[in-house]
Amino acid sequence: MQTEKGTVSVKLKDDRSKTSFINHVKNNKSLYLILLPGILYYITFLYLPMYGITIAFKDFDMFGGIFNSEWVGLKHFKILFASDTFFQVFRNSIVISVYKIVFNFPIPIILAILLNEVRSLVFKKTIQTVVYLPYFLSWVVIAGLVINFLSPSTGVINLLIKSFGGEPINFLANKAYFRTIIVISDLWHSVGWNTIIYLAALTSIDVSLYEAAKIDGAGRLKQIIHITLPGIKSTIVVLLLLKIGNIMNNGFEQMFLLYNPMVYDVADVFETYVYRIGLVESRYDYSTAVGLFKSLVGLVMLVSANGFARKMGEKGIF
Amino acid sequence: MIKMSRSEKAFDIVNYIILTILGIVTLYPLLNVLAISLSTYTAYVESPLMVFPTKIDFEAYIRILSNPLILSSYNNTIFVTVVGTVVNVIMTVLTAYPLAKAKVRGVRVFMFFIMFTMLFNGGLIPTFLVVKNLHLVNTLWALILPTAISTYNFVIVLNFFESIPDSLEESAKIDGAGHLRILFSIIVPLSTPVLATIALFYGVGNWNRFFDAVIYINDRSKWTLSLLLREIITENSDVLNALDPMNAVTVYPKTVQSATIVVTILPIICAYPFLQKYFIKGIMAGAVKG
């Protein structure tokens, strides 16, 4: 056994020819057997579907399968770029993501700073325990709560409106309110959870900075602006770029559970659109083309966001 | 100690008020659902906004526990969560070990092969076709196998394995232990905190799994709680009446809806103390990977 390890490391250094690789595998059979299930998993469920993307350039034949379908080049992409629905979906995806960034990105930062300023440890822990909880609930449960809350007959909001003599509003079927509901329910779901990374970053700020500022007579707000915020700047930048890199993703579940045909105009995003035309209408080829467009734009966004982070002297996302 | 100025005190008070409101906003919808689920329908109609039930009544729970569809959905969800999580953890550990500890040849190639899937994937339809061709559609395995490894969790385990000093396995190697024995008798016992973390990550994901279920499961006998809950909640209310027409008169949709929500989140609440502890560790482990 001792000698086996010796020979392996010598081989590593000396030659990397095929035969030595085969010998290496033979000598470490059990090691490669351990790796095998994982590699098979990635091939089957992640790389085979990548081959399946070819149906975006074919007319899918239900009986022949992907391989036997006829190539049609960019036909589906031409249909796509000529379709109004496609641009509407594109616009919705971006607009809803931007709303989420504008409103739901800064709030966890503020919340983390507020939590950090709390002196009573018991109070702080209690609030943290409560606000982390929604993150563990599924979107089905949250959708149930939202529907309850906004119900025209028994929801809190509409009961308030009625008690002031107003007419109840069917919020979820109203284009004017739908995106607001999406943004707020997303906030309820994840605001507490998103403070965790900031809270960790806050603990790494040098305490002596605060003491010096106190001696100089700086109040709490001044300390937050001049010490706390600069102290977590790089965390903020990296997370913001990550969010921008993911701008094409809105998540299927939240939208699918809350939207309805009345609000498709403002609510339909790539995830829901691909699902409907692909699995409900069974247009496999066309919806794969839509999905591919989304993935490619998403990939470009993510890689550029990462490059930008590195340029700014941050560590980068990957 | 520097004395607190008036503005400092004002800051503190405002801060406590904001955080308290936030806590209430977070907790209220959940308490409301719990209270409704424990009430009679008439009590609910009288005060739909209640936080505490006026009179405790288990009618809604008795209804749902005697409904075969809810019971089978609950069973299926437990199966997917338990079996799925075991598969997840074993697959993740097996894949991380050769790449972190024993150093197979071509680690960089394997790592690129795995990490690339975080950036790009085949998308909905091509993945669906693979699962369909494997005849997994309409089986619970469709909710387990296609998501057997989460690359994010894989990275957490990989980082942890790499941080274990090599000297520990060297001595086992000298004693003639094979890789499987080193993995399961040395590496795994040393990694229990990180394995607990990813087991909880996977477990919550499996319990809450919804998207995959929508895509792969049609047969009602294979439904999971998420699918059932969606039908009860969104296609509103009279579902249970229709399922159980004999007792339709005494079924009270809103209380039953709420009770179904409660039984869905109950296991999560029970596991919550562990979740909070280990998830935070996990999120930090993932964040420092750099």
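These figures come from a predicted structure and were not determined experimentally.

Points about the domain arrangement of chain B
Residues and elements named next belong to chain B.
Part 1 of the reasoning: Considered domain by domain, chain B is made up of domain 1 (6-46) and domain 2 (59-287).
Part 2 of the reasoning: Placing the centre of domain 1 and that of domain 2 at their C-alpha centroids yields a distance of 32 Å.
Part 3 of the reasoning: Contact with domain 1, which involves eight residues of that partner, is made by nine residues of domain 2.
Part 4 of the reasoning: Mapped by element, the contributors of at least two residues to the side of domain 1 that touches domain 2 are helix H1 (6-37) and helix H2 (41-46).
Part 5 of the reasoning: Sorting elements by how many residues they give to the side of domain 1 that touches domain 2 places H1 first, with four residues.

Regarding the interface of chain B and chain A
Part 1 of the reasoning: Counting residues at the interface gives 70 residues for chain B, matched by 70 residues for chain A.
Part 2 of the reasoning: Among the residues making up the side of chain B that touches chain A, the classes are represented as 46 nonpolar, 20 polar and four charged.

Looking at the environment of Val290 of chain A
Residue and element names in this part refer to chain A.
Part 1 of the reasoning: Looking at the element boundaries, Val290 is found in helix H19 (residues 284-311).
Part 2 of the reasoning: Accessibility expressed as a C-beta count within 10 Å gives 28 for Val290, which makes it buried.
Part 3 of the reasoning: With 210 residues separating them along the chain, Val290 and Leu80 place their C-alpha atoms 7.3 Å apart.
Part 4 of the reasoning: Not counting residues within four places of it along the chain, the set of residues in contact with Val290 comprises Leu80, Phe86, Phe270, Tyr273 and Val274.

Let's talk about the packing of helix H13 (residues 207-215) of chain A against helix H14 (residues 220-231) of chain A
For any two helices packed against each other, one specifies the inter-axial angle together with the distance between the axes.
Residues and elements named next belong to chain A.
Part 1 of the reasoning: Taken N-terminus to C-terminus, the directions of H13 and H14 make an angle of 145°; their axes are 11 Å apart at the nearest point. The element H13 and its partner H14 pack so that their crossing is right-handed. For the pair H13 and H14, contact is made by Leu209, Tyr210 and Ala213 and by Gln223, His226 and Ile227, respectively.

With respect to the domain arrangement of chain A
Part 1 of the reasoning: Annotation of chain A at the domain level lists domain 1 (2-61) and domain 2 (77-311).
Part 2 of the reasoning: Of the residues that constitute the side of domain 1 of chain A that touches domain 2 of chain A, the class distribution is four nonpolar, no polar and two charged.

Brief notes about unusual backbone geometry
Part 1 of the reasoning: For Ser282 of chain A, which is not glycine, the phi dihedral falls at a positive 55°.
Part 2 of the reasoning: In this structure, Ser282 of chain A sits in the loop between helix H18 (270-280) and H19.
Part 3 of the reasoning: Positive phi is not limited to glycine here, since His135 of chain B has a value of about 60°.
Part 4 of the reasoning: By the secondary structure assignment, His135 of chain B is in the loop between helix H6 (124-133) and helix H7 (151-163).

Re the packing of H18 of chain A against H6 of chain B
Part 1 of the reasoning: Put simply, H18 of chain A and H6 of chain B touch, their axes get as near as 10 Å, and they point 40° apart. With respect to their mutual orientation, H18 of chain A and H6 of chain B come out oblique. Our pair here, H18 of chain A against H6 of chain B, has a crossing hand that is right-handed. Contact with H18 of chain A, carried on its side by Val274, Tyr275, Gly278 and Leu279 of chain A, involves Leu124, Ile125 and Phe128 of chain B of H6 of chain B and no other residues of that element.
Part 2 of the reasoning: Of the residues that constitute the contact of H18 of chain A with H6 of chain B, the class distribution is six nonpolar, one polar and no charged.

A short note on H18 of chain A
Part 1 of the reasoning: Most of H18 of chain A sits inside the fold, with eight of its eleven residues counted as buried.
Part 2 of the reasoning: Among the residues of H18 of chain A, those classed as buried are Phe270, Glu271, Thr272, Tyr273, Val274, Tyr275, Ile277 and Gly278 of chain A.
Part 3 of the reasoning: Check the buried side of H18 of chain A and you find it contacts helix H6 (84-104), helix H16 (252-258) and H19 of chain A together with H6 of chain B.
Part 4 of the reasoning: One or two steps after H18 of chain A, the chain reaches Ser282 of chain A, where phi turns positive at roughly 55°.

Cut-offs applied
- Along every chain, residues carry numbers that run from 1 in the direction the sequence is written.
- To read the labels, note that chains go from A and ligands from 1, taken in the order they are written.
- The predicted origin of the model limits local features to residues at a pLDDT of at least 70 and limits the giving and counting of side-chain atom pairs to 80 or more, whereas totals for whole chains, interfaces and linings rest on all residues.
- Residue ranges assigned to each domain were obtained from an automatic or database domain assignment.
- The contact criterion used is a C-beta to C-beta distance within 7 Å, with each C-beta placed from the backbone.
- Each helix corresponds to a stretch of at least 4 residues labelled H or I by DSSP, and each strand to a stretch of at least 2 residues labelled E; elements are numbered beginning at the N terminus.
- As a working rule, the residues Ala, Val, Leu, Ile, Met, Phe, Trp, Tyr, Cys and Pro are called nonpolar, Asp, Glu, Lys and Arg charged, and the rest polar, with Gly in that last group.
- Three exposure classes are used, based on other C-beta atoms lying within 10 Å of a residue's own C-beta, which is placed from the backbone: buried for 20 or more, exposed for 12 or fewer, and partly exposed in between.
- Axis angles are defined between N-to-C directions and span 0 to 180 degrees, where every axis is a line fitted to C-alpha atoms and, for a helix, only to the segment in contact.
- Left-handed describes a crossing in which the near helix is turned anticlockwise from the far one by less than a right angle; the clockwise case is right-handed.
- Just so you know how the angles are binned, under 35 degrees is roughly parallel, over 145 roughly antiparallel, 65 to 115 roughly perpendicular, and the rest oblique.

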